[in-house]
Amino acid sequence: MANTYYEAINWNEIEDVIDKSTWEKLTEQFWLDTRIPLSNDLDDWRSLSEEEKQLVGYVFGGLTLLDTIQSESGMERLREDARTPHEEAVLNNIQFMESVHAKSYSSIFTTLNTKAEIDDIFEWTNSNEYLQKKAERINEIYKNGTPLQKKVASVFLETFLFYSGFYTPLYYLGNNKLANVAEIIKLIIRDESVHGTYIGYKFQLGFNALPEEEQEEMRNWMYDLLFELYENEERYTEQLYDELGWTEEVKTFLRYNANKALMNMGQDPLFPDGANDVNPIVMNGISTGTSNHDFFSQVGNGYLLGTVEAMNDNDYLIGLDN
Ligand code: MN3
Ligand code: MN3
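Residues numbered from 1 in each chain as written. Chains lettered and ligands numbered in written order. Predicted model: local features only at pLDDT ≥ 70, side-chain atom pairs only at ≥ 80, totals over all residues. Heavy atoms only, no water.

Details of the UniProt feature "binding site: Fe cation 1" (unreviewed entry) in the protein
So, step 1. Residues annotated by UniProt as "binding site: Fe cation 1" (unreviewed entry) correspond here to D67 and H101. These annotated residues cover 35 residues of sequence, but their C-alpha atoms sit close together, with the largest distance between any two at 6.4 Å.
So, step 2. Along the chain, D67 falls in helix α3 (residues 50–79).
So, step 3. Judged by relative accessible area, D67 falls into the buried class, the value being 0%.
So, step 4. Non-local contacts of D67, meaning those with residues more than four positions away in its chain, are made with E98, H101, A102, Y105, F162 and E192.
So, step 5. Structurally, H101 is set in helix α4 (residues 85–112). (UniProt positions renumbered as here; feature names shortened; annotations may be inferred. Helix = DSSP H or I, 4+ residues; strand = E, 2+ residues; numbered from the N terminus. Buried < 20%, exposed > 50% of the residue type's maximum accessible area, 1.4 Å probe, protein only. Contact = heavy atoms within 4.5 Å.)

Next comes the structure, spelled out in structure tokens:
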């Protein structure tokens, strides 16, 4: 800021009402991994084959890497271009939740995996060619991109690149397995859906103000990037899923989510795939509401923190069985 004075943030003077409504939505849906009883999934876990267990470990390793990028550099870079002080506050909230996301995979590992397996997962993640490539590509844009390019990178990461990993827990959820692990993933997806919509909206504000030729240039850049990332994602998907025979249906799911990323930014879809093309078991996993699991009525999509009741000392002592 070039100002020689400091400006206090005034929440009673909102420049963009979307900042305020997003802040309210995000704080209302706040959650922590430590409240999900992951150990209830151990019986399901033991019923999986070795290949399946390894797949679960690796996809969560990959997701950990992406959430680490978002929490360590993504939000910081986006904050540099914030249009309003309230946008900065929203990005602060998002940044913290990205750390919660990244940490929650470790909670899953520590519940399901041995120390040696966890070491293997992180070693695999930190040396996997395709994961490293997407991390590198996105980070490079965060570092050197224009304000609009950075937003594109963020929306592609969150609304598209995560889904090769999300497929696995959603598939198990649709098959009534690993419900608590999937619950964490659904809470993450619920956050990402707000993040993608919000950052996509901020992208559109800047994009719509560009002259026609620059919009065209931007659009070409986005579609090229998406295609480059998609090709890398195809290789990653083959590597993860060929052995179980799920590759083609995962790719359909990726194309479906790539379209959603474009739509978040007000752009036309690139691929012909729609919701009806995705494996219904996975769509079923995504849409599972608050039924069929007692636990969901307490957290899950109905999880609200600090709604109507006044706080008392007990709130800090008792968790879920409150
Ligand atoms: Mn995240
Ligand atoms: Mn996010």
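Points about the coordination of the manganese ion (ligand 2)
So, step 1. Protein-derived coordination of the manganese ion (ligand 2) comes from E98 (OE), E158 (OE), E192 (OE) and H195 (ND1), at a distance range of 1.9 to 2.2 Å.
So, step 2. For the manganese ion (ligand 2), all donor residues lie on one chain, and their spacing in sequence is E-x59-E-x33-E-x2-H.
So, step 3. The metal-metal distance between the manganese ion (ligand 2) and the manganese ion (ligand 1) is 3.6 Å, with E98 serving as a donor to both. Within this pair, whereas E98 is found in helix α4, its partner H195 is found in helix α9 (residues 179–208), the two being separated by 97 residues in sequence. Summarising the burial analysis for this pair, E98 and H195 share the class buried. (Donors = N, O, S within 2.8 Å, 3.2 Å for Na, K, Ca; no water.)

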